[in-house]
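What follows is each chain in one-letter form.
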Amino acid sequence: MSLTNLLCGLLETGVNQLHQLDSSAVIKRKQLNGTIIGVSLKELDIPLYFVISDQQIDVLNKFEGQTDCTIRVSFSALKQLQDNHQLTNLIKSGELEVEGDIQLVQQFANLLTDMKIDWEEHLSQKVGDVVAHKFCYHTKQLFKGAVTQSKAIEKQAALYITEEAKLAPSGLEVAYFCDQVNTLETETDKLLLKLDEKLNQQS
Amino acid sequence: MKKSPDNTTHFGFKTVEEDKKVELVADVFHSVAAKYDIMNDVLSLGIHRIWKRFTIDCSGVRKGQKVLDLAGGTGDLTAKFSRIVGEEGQVVLADINDSMLKVGRSKLRDKGIEGNVSYVQANAEELPFPDNHFDLITIAFGLRNVTDKDKALASIYRVLKPGGRLLVLEFSTPLYSPVKKFYDFYSFNILPKLGKLIANDSESYQYLAESIRMHPDQETLKEMMNQVGFDNTEYFNLSAGIVALHRGYKY
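Reading the values: rules and limits
Residues numbered from 1 in each chain as written. Chains lettered and ligands numbered in written order. Predicted model: local features only at pLDDT ≥ 70, side-chain atom pairs only at ≥ 80, totals over all residues. Helix = DSSP H or I, 4+ residues; strand = E, 2+ residues; numbered from the N terminus. Rg over C-alpha atoms; globule rule 2.2 N^0.38 Å. Buried ≥ 20, exposed ≤ 12 C-beta atoms within 10 Å, placed from the backbone. Contact = placed C-beta atoms within 7 Å. Domains from an automatic or database assignment. Nonpolar A, V, L, I, M, F, W, Y, C, P; charged D, E, K, R; others polar. Expected span 1.5 Å × (residues − 1). Pairing = 2+ DSSP bridges. Axes fitted to C-alpha atoms, helices over the stretch in contact; angles between N-to-C directions. Core = buried A, V, L, I, M, F, W, Y, C linked by C-beta atoms within 7 Å. Right-handed = clockwise from strand over helix to strand, strands pointing away.

### Observations regarding the overall build of chain B
Move 1: Within chain B, the secondary structure is distributed over nine helices and nine strands.
Move 2: At 17 Å, chain B has a C-alpha radius of gyration in line with the 18 Å of a compact globule built from 251 residues.
Move 3: Its C-alpha atoms give chain B principal-axis dimensions of roughly 45 × 40 × 35 Å.
Move 4: Per-residue burial over chain B gives 47% buried out of 251 residues.
Move 5: Considering only intrachain contacts with a sequence separation of at least 6, the fraction spanning at least 24 residues in chain B is 68%.

### Let's talk about the domain arrangement of chain B
Interfaces are often sized by the accessible area lost when the parts come together.
Move 1: Domain assignment breaks chain B into domain 1 (61-172 + 215-251) and domain 2 (177-206).
Move 2: Using C-alpha coordinates to define each centre, domain 1 of chain B is positioned 26 Å away from domain 2 of chain B.

### So, the interface of chain A and chain B
Move 1: Contacts between chain A and chain B engage 17 residues on the former and 18 residues on the latter.
Move 2: Listing elements by their share of the side of chain A that touches chain B, those giving two or more residues are α1 (2-21) and β3 (57-60) of chain A.
Move 3: When residues in the side of chain A that touches chain B are grouped by element, the largest group, five residues, is from α1 of chain A.
Move 4: Class assignment of the residues belonging to the side of chain A that touches chain B gives a composition of five nonpolar, eight polar and four charged.

### Quick notes on helix α8 (residues 202-214) of chain B
Move 1: In this model, α8 of chain B (13 residues) spans 19 Å end to end at C-alpha, consistent with the 18 Å of a helix rising 1.5 Å per residue.
Move 2: On the buried face of α8 of chain B, the contacting elements are α1 (18-32), β7 (160-171) and α7 (177-199) of chain B.

### Re the sheet that holds strand β1 (residues 36-41) of chain A
Residues and elements named next belong to chain A.
Move 1: The sheet built from five strands is open, its strands ordered β3-β2-β1-β4-β5 with mixed pairing. Each end of this open sheet is capped by a strand with a single partner; those strands are β3 and β5 (96-100). On average, each strand axis in the sheet is inclined to that of its neighbour by 20°, with strand direction left out of account.
Move 2: By the bridge criterion, four bridges tie strand β2 (residues 47-52) to β3 in an arrangement that is antiparallel. When the bridges of β3 are listed, Val51 appears paired with Asp58.

### Side note on the nonpolar core
Move 1: Counting residues in each nonpolar core, the largest one holds 93 residues, and the members touching the most others are Ile37 and Phe50 of chain A together with Val67, Ala124, Ile137, Ile139 and Ile156 of chain B.
Move 2: Looking at this core element by element, the count peaks at six residues for β7 of chain B.

### Here's the deal with the domain arrangement of chain A
Move 1: Looking at chain A, the domain boundaries give domain 1 (2-113) and domain 2 (119-202).
Move 2: With centres defined by C-alpha atoms, the gap from domain 1 of chain A to domain 2 of chain A works out at 36 Å.

### Some remarks on unusual backbone geometry
Residues and elements named next belong to chain B.
Move 1: Backbone geometry places Phe141, a non-glycine residue, at a positive phi of 55°.
Move 2: Mapped onto the elements, Phe141 comes out in the loop between β6 (134-140) and α6 (149-159).
Move 3: Classification of Phe141 by C-beta neighbours within 10 Å gives partly exposed; the count is 19.
Move 4: The backbone of Ala240 sits at a positive phi, close to 60°, despite the residue not being glycine.
Move 5: Inspection of the secondary structure assignment puts Ala240 in the loop between β8 (231-238) and β9 (243-249).

### Description of the sheet that holds strand β3 (residues 66-70) of chain B
Residues and elements named next belong to chain B.
Move 1: With mixed pairing, the seven strands of this open sheet are ordered in space as β5-β4-β3-β6-β7-β9-β8. If you trace the sheet from one side to the other, it starts and ends with β5 (117-121) and β8, each paired once. Neighbour-to-neighbour, the strand axes of this sheet turn through a mean angle of 15°, independent of strand direction.
Move 2: One ladder, built from six bridges, connects β6 with β7; its direction is parallel.

### Here's the deal with the pairing of β7 of chain B
Residue and element names in this part refer to chain B.
Move 1: The buried count for β7 comes to nine of 12 residues, which makes it a mostly enclosed element.
Move 2: This β-α-β element, β6 to α6 to β7, shows right-handed connectivity.
Move 3: Looking at chain direction, β7 and β9 are connected through seven bridges and run antiparallel. Residue pairing in the sheet places Phe171 in a bridge with Val243 of β9.

Laid out in C-alpha cells, this is it:
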C-alpha cells in the first residue's frame, strides 16, 4: 500500500518539477483544469488518477468519484498515444480502451509527454552561460558520438557474425537460398502437373 | 480519555488544569508555526507526505463535496482537497491556533489556491458549523492536542453529513517492540535536539514526544469513535503503527 503511495508521490513530484521548467505547461493545464483522468496499464493492475488543475497535477491511486475519462492502455502503446492518427488504430487493435472523451486523451498525452524544456537556459541560470553552453554542446556531441558508435558496432557485429564466424547467412546468401526454394517450388509444381497428366492418360 | 477527578488533564507527561492545556498547546504552536513544514520533513524524514497521501486515498472525496480539514495547520491536506473537489466544492481549513492558520493561509495563497477554500479559527470541541454539513472531515495530527477528545469527536459527528466520513490521522502505538525501542530513543533523545537545532525550541518537541505517548492507542481510539456514534470504524497502521489512520462513517 505505502509502496504505491510512494510511487504516486514520486511520479507527482517528478511531473510537476518538469512542468515547472516548461513554460507551455501552464497553458496546457489551464485547458484541462478540473478534469480527472484515470489511467491504468494493462500489464500492471494499478490504476492512477490524474487530477489536473491550474496549479499542478495530483496523482492519486484511489478515487471513488466519476472520472472525466478512463484509459486502459498497454505499455507498448504508451508512446503512440500522442499521435492523433494512431489513436483509432490503437483502439482497433485493442491496445487502448477509452471511456469518455477521446479528445481529453490526446490533450492529456500531450501534457505529459510533449514538454518543451530548454535545459540549456535553465542550466545557464545556475552555472552561467559559458559553462551551460559548453556542457550542453559536449553532451550533444557525446550523444551523437554514441549513436554513430552504436551503429558502427552493430554493423561490425553483423559482419563478424555473417562473414567471419559464419554463424548466420548474409543477406545475399538468404536471397539466393530463397530464389533456389522458389525455383524448386515451380519445378515441383510442373512435375506434379506432368505426373497428373500422365496418370490421367493411363486411366 | 480518563480524567482525573479534580478537572486536570495531561500536557505531555505533566498534569495541568484543563483550562490551562489550551493555552499551553497554543504556545507550542505559536512557537513552531513558522518552521512547521521544514520540521515535519526533517523529523519524519519526509514520510509524513506518504501518510497524508494514504489519508487522501482513503477519503473517497470527489468533485463538489464539502470538506473540513480540522487542525489543518499549514494546509497540506487542504491544498490537495481543494484541487480534487474543484470549483463547485468547498474546503474549510480550521485550526484553533491563529499563527498556524496564518501560515497556512499565506502558504496556500502563494500556491494559487483560492476560491473554494475558507479559513476558520475554531475549537474542535465546539465546531461553529450547522448539523449535517460536511461530506468529509479530516483531523491530521491534531486530535492529540485537543483537551476533551470525546467532546471533539461528538462535535465532529454532529457536523458530518449522513454518509460522510471522518479520518483521524494520528501518532499511535508501534506494533513491534524493536520498533518501539528505536522510536522511543529517537523521540526522546534525537527529536528535541533537532527541534533545538532547527527551530530553536526543544520544549515544544519534547511536548510532541510526550503527547504522543499519552495519546490513546489504536483500539482505544476506535472504541472512542464508536462511543460517539461512528459506524464501520476501522484503522490502518502506517509505518508499523507509529502512525494510525482511523476511519469512521456516519450513517
